[in-house]
Amino acid sequence: MQANAKIYVAGHRGLVGSALVRNLQARGYRNLLLRTHAELDLTNQQATAAFFESERPEYVFLAAAKVGGIVANDTYPADFIRDNLAIQSNVIEASRRNGVTRLMFLGSSCIYPKLAPQPMREDSLLTGPLEPTNRAYALAKIAGVEMCWSYNRQYGTKYLAVMPTNLYGTGDNYDLHTSHVIPALIRKFHEAKLAGAGEVTVWGTGTPRREFLFSDDMADACVFLMNLPAERYDGLLGSDESKTGRFDPPLVNIGVGEDVTIRELAETVRDVVGFDGRIVFDTSKPDGTPRKLMDVSRLHALGWSAKTSLREGLVAAYHAFKAG
């Protein structure tokens, strides 16, 4: 991407999109197209088409999505599949119609089967049942991968899907009803510390293992991939399975390649926040998937690896949370 390239970051106010904007600006990109949801509703096909026809972006980072944790996904499955299918369908088709050079579709590690072999490789896609609590969201994201794959085959587009592991960082969502595990823990321990409470309750048994990636590292990986030279980038765009006989989706995992238990995570967050009380695990609440660890060998082979340790990232996230 040239320094003056027109780059559209869809969903620039979210955890993912805001990290992408920070990374692009730090690299000297100034011609960024940014629209809030109020300015452009990407579930509206006509509005999305009009925006692309008017602005003609050269590169698109599709980070806009309806997202949430276990509770939100389990409570509003219809909203998650409807809105996410609409957003990605509208943006991908508008990109095709207006000659976007490269598009990056950001998904989620929940696209992989609940009991996928660990660590999860890109070719684990579609090999088994999904985690039921977020199946609707996962299916929408799987459809996004297939759209990139299908458009590349039919239209010769250069659309790449990336699957970040669990993310956290600056600009996270700290609403306890809709947040993911790290922001929820940060808020719980912080409020317990202020209240002088003796304990904090954490959902589940504490035994599931999870991988966590600092959002600014994720953004760095995305921009790195988008800037790959043509021969290396094109090699990631998938092949026609009917001709090659290989299941080869246009998909790259983004993660750190190591995980921790929820108990270990909770204890680390407690230390970072400075809460002195006990941690109590509510085993009546769901654990979700037993383990979710990404195989990041494809990304490492391309020359990128995460730089921020979990503790370093949690310290930065807690500072950002306190700063409001």
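Overview of the structure.

1. Focus: the sheet that holds strand β13 (residues 291-292)
Judged by pairing direction, the sheet is mixed, and its three strands sit side by side in the order β11-β8-β13 without closing on themselves. Edge strands, defined here as strands with exactly one partner in the open sheet, are β11 (260-261) and β13. Looking at chain direction, strand β8 (residues 209-210) and β13 are connected through two bridges and run parallel. Within β13, the residue paired with R210 across the bridge is K292.

2. A short note on the packing of aromatic side chains
Per the stated rule, a full pass over the model turns up 11 aromatic pairs. The interplanar angle of 85° and the centroid separation of 5.7 Å between the aromatic rings of Y8 and F52 together place this pair among those described as edge-to-face. With Y8 in strand β1 (residues 7-10) and F52 in helix α2 (residues 45-55), this residue pair connects regions lying 44 residues apart in the sequence. Each member of the pair, Y8 together with F52, is buried. Judged by centre distance (6.1 Å) and plane angle (90°), the ring pair of F80 and Y137 falls under edge-to-face. Note that F80 is positioned in helix α4 (residues 77-97) and Y137 in helix α5 (residues 135-155), a separation of 57 residues in sequence. For Y137, a relative accessible area of 10% gives the class buried. An aromatic cluster is present here, built from Y8, F51 and F52 joined pairwise through their rings. Between K66 and the ring centre of F80, over which it is positioned, the NZ or CZ distance is 5.4 Å. R153 extends its terminal NZ or CZ atom over the ring of W149, reaching a point 5.9 Å from the ring centre.

Rules behind the numbers
- Residues numbered from 1 in each chain as written.
- Predicted model: local features only at pLDDT ≥ 70, side-chain atom pairs only at ≥ 80, totals over all residues.
- Heavy atoms only, no water.
- Pairing = 2+ DSSP bridges.
- Helix = DSSP H or I, 4+ residues; strand = E, 2+ residues; numbered from the N terminus.
- Phe/Tyr/Trp six-rings, centres within 6.5 Å; stacked < 30°, edge-to-face > 60°.
- Buried < 20%, exposed > 50% of the residue type's maximum accessible area, 1.4 Å probe, protein only.
- Lys NZ or Arg CZ within 6 Å of the ring centre and 35° of its normal.

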